Amino acid sequence: MQKSTIQFLLINCFLAIVLVSCGSVTKNYTPKKLDKTSYQSPYFSDSKTDYVYKTNITVYGNELSGIFIAKKINDTVHRVVFTTEFGNKLLDFEISEKSFKVNSIVSELDRKILINTLKEDFRLLLKKEYLIQEQFENESDNIYKSIDGKRYNLLFLSKKDQKFEKLIHASATKEKITLTFSSENNIFAEKIQIVHQNIKLKIELNYFKPE
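Now for a quick tour of the structure. (Residues numbered from 1 in each chain as written. Predicted model: local features only at pLDDT ≥ 70, side-chain atom pairs only at ≥ 80, totals over all residues. Heavy atoms only, no water.)

### Some words on the overall build of the chain
Then, number 1: Each helix and strand counted, the chain has 2 helices and 15 strands in total.
Then, number 2: The burial tally for the chain puts 45% of its 211 residues in the buried class.
Then, number 3: Taking the contacts inside the chain whose residues are at least 6 apart along the sequence as the reference set, 46% of them involve residues at least 24 apart.
Then, number 4: Total accessible area computed for the chain in this model is approximately 11300 Å², and 50% of it derives from carbon and sulfur atoms. (Helix = DSSP H or I, 4+ residues; strand = E, 2+ residues; numbered from the N terminus. Buried < 20%, exposed > 50% of the residue type's maximum accessible area, 1.4 Å probe, protein only. Contact = heavy atoms within 4.5 Å. Areas by Shrake-Rupley, 256 points an atom, 1.4 Å probe, with all protein chains shown as cover.)

Given below as structure tokens:
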């Protein structure tokens with residue numbers, strides 16, 4: 001019963017999409033001379049590590065929970081599995097910058113809009129390398145702009161300790177998705193939050209430490 005309820009809520013809450021207001025995404029940042037032309041994310045990069053997180057999903061007022069597992073299986077591809085807290089597998093993806101494969105997905109979740117949303121979220125979460133075209137700054141961060149297809153990513157690196165703290169995925173005028181990372185050592189992110197601006201979706205990942 002619980003599994004069916006989770007799947008029903010997950011499907012229906014992903015179906016409604018709303019618009020956000022326009023505005024220049026970088027207007028509040030100060031342009032700065034470029035100090036690097038590329039950047040590699042430190043997160044999800046160790047092929048020997050299974051990255052396991054307790055997951056909370058808030059979609060249109062509904063609270064859902066489960067387990068997120070990511071594993072780097074070669075230089076470019078990650079495998080992602082999402083299960084219920086009881087261990088029932090809901091989906092199993094393989095994803096890279098240029099490829100995407102659905103290994104399995106329960107029929108109740110096999111909806112194009114849901115798959116495309118999660119594909120984009122996981123691609124941004126697991127993305128390794130960024131080519132930098134412009135640089136900005138605010139009071140606390142150096143901000144690097146990297147083209148991403150027809151959109152771009154803004155990477156926020158702390159001036160204090162150079163930690164990769166935030167990524168904003170945006171069009172020319174609209175912020176689309178924001179990822180924030182909490183990391184003690186800038187190697188492993190203990191807490192991650194993914195927030196959509198065009199749909200009411202928030203995903204929270206908290207590192208699951210085996211007892």
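Now that the structure has been shown, the text picks up again.
### Comments concerning the layout of surface pockets
Then, number 1: Volume-wise, the largest pocket comes out at about 400 Å³.
Then, number 2: T76, E97, K127, K128 and E129 are the residues nearest the centre of the largest pocket, which is lined by 22 residues in total.
Then, number 3: At the level of secondary structure, the elements contributing two or more residues to the lining of the largest pocket comprise helix 2 (112–126), strand 8 (129–131) and strand 10 (141–148).
Then, number 4: No other element matches strand 8, which puts 3 residues into the lining of the largest pocket. (1 Å grid on protein atoms, 1.4 Å probe; cavity = no way out; pocket = protein on both sides within 12 Å on 5 of 7 lines; lining within 4 Å. Points joined across faces, edges and corners; volume = space filled by probe spheres on them.)

### Some details on the pattern of salt bridges
Then, number 1: Going through the model one piece at a time under the given rule, you end up with 10 salt bridges.
Then, number 2: Close ionic contact of D92 with R79 constitutes a salt bridge, the shortest N to O distance being 2.4 Å. Here R79 lies in strand 5 (residues 78–83) and D92 lies in strand 6 (residues 89–95), a separation of 13 residues in the sequence.
Then, number 3: Connected through shared salt-bridge partners, E97, E120, R123, K127 and D148 make up one network. (Salt bridge = Lys/Arg side-chain N within 4 Å of Asp/Glu carboxyl O.)

### Re helix 2
Each full turn of the α-helix corresponds to 3.6 residues, which orients residues three or four apart in the same direction.
Then, number 1: With 15 residues, helix 2 should cover 21 Å at 1.5 Å per step; its first-to-last C-alpha distance of 21 Å lies within 8% of that length.
Then, number 2: Among the residues of helix 2, those classed as buried are L114, I115, T117, L118, D121, F122, R123, L124, L125 and L126. (Expected span 1.5 Å × (residues − 1).)

### Here's the deal with the pairing of strand 5
Then, number 1: With 5 of 6 residues buried, strand 5 lies mostly within the body of the structure.
Then, number 2: Sheet topology places strand 4 (residues 62–72) next to strand 5; 6 bridges connect them, and they run antiparallel. Paired with I67 across the strands is T83, a residue of strand 5.
Then, number 3: Linking strand 4 to strand 5, which pair antiparallel, is a turn of 5 residues.
Then, number 4: Note that strand 5 and strand 6 share 6 bridges and pair antiparallel. (Pairing = 2+ DSSP bridges.)

### As for empty space enclosed by the protein
Then, number 1: Scanning the model with the defined rule gives 1 cavity of 30 Å³ or more in all.
Then, number 2: Lining the largest cavity are 12 residues, with I57, F82, L118, F122 and I203 positioned closest to its centre.
Then, number 3: Counting only elements with at least two residues in the lining of the largest cavity, the list comes to strand 3 (50–59), helix 2 and strand 15 (201–207).
Then, number 4: Here the lining of the largest cavity takes 3 residues from helix 2, the largest share from any one element.
Then, number 5: Counted by class, the lining of the largest cavity contains 11 nonpolar, 1 polar and no charged residues. (Nonpolar A, V, L, I, M, F, W, Y, C, P; charged D, E, K, R; others polar.)

### Points about the nonpolar core
Then, number 1: Membership of the largest hydrophobic core comes to 44 residues, with the highest contact counts inside it found for F44, Y53, F68, L125 and I192.
Then, number 2: When residues of this core are assigned to their parent elements, the largest contribution, 7 residues, is made by helix 2.
Then, number 3: Beyond its immediate stretch of four places on either side in the chain, I192 contacts F44, Y53, L125, T180, F181, I203, E204 and L205.
Then, number 4: Grouped together as the second largest cluster of nonpolar side chains are 9 residues, V25, F136, F156 and I168 included. (Core = buried A, V, L, I, M, F, W, Y, C linked by side-chain atoms within 4.5 Å.)

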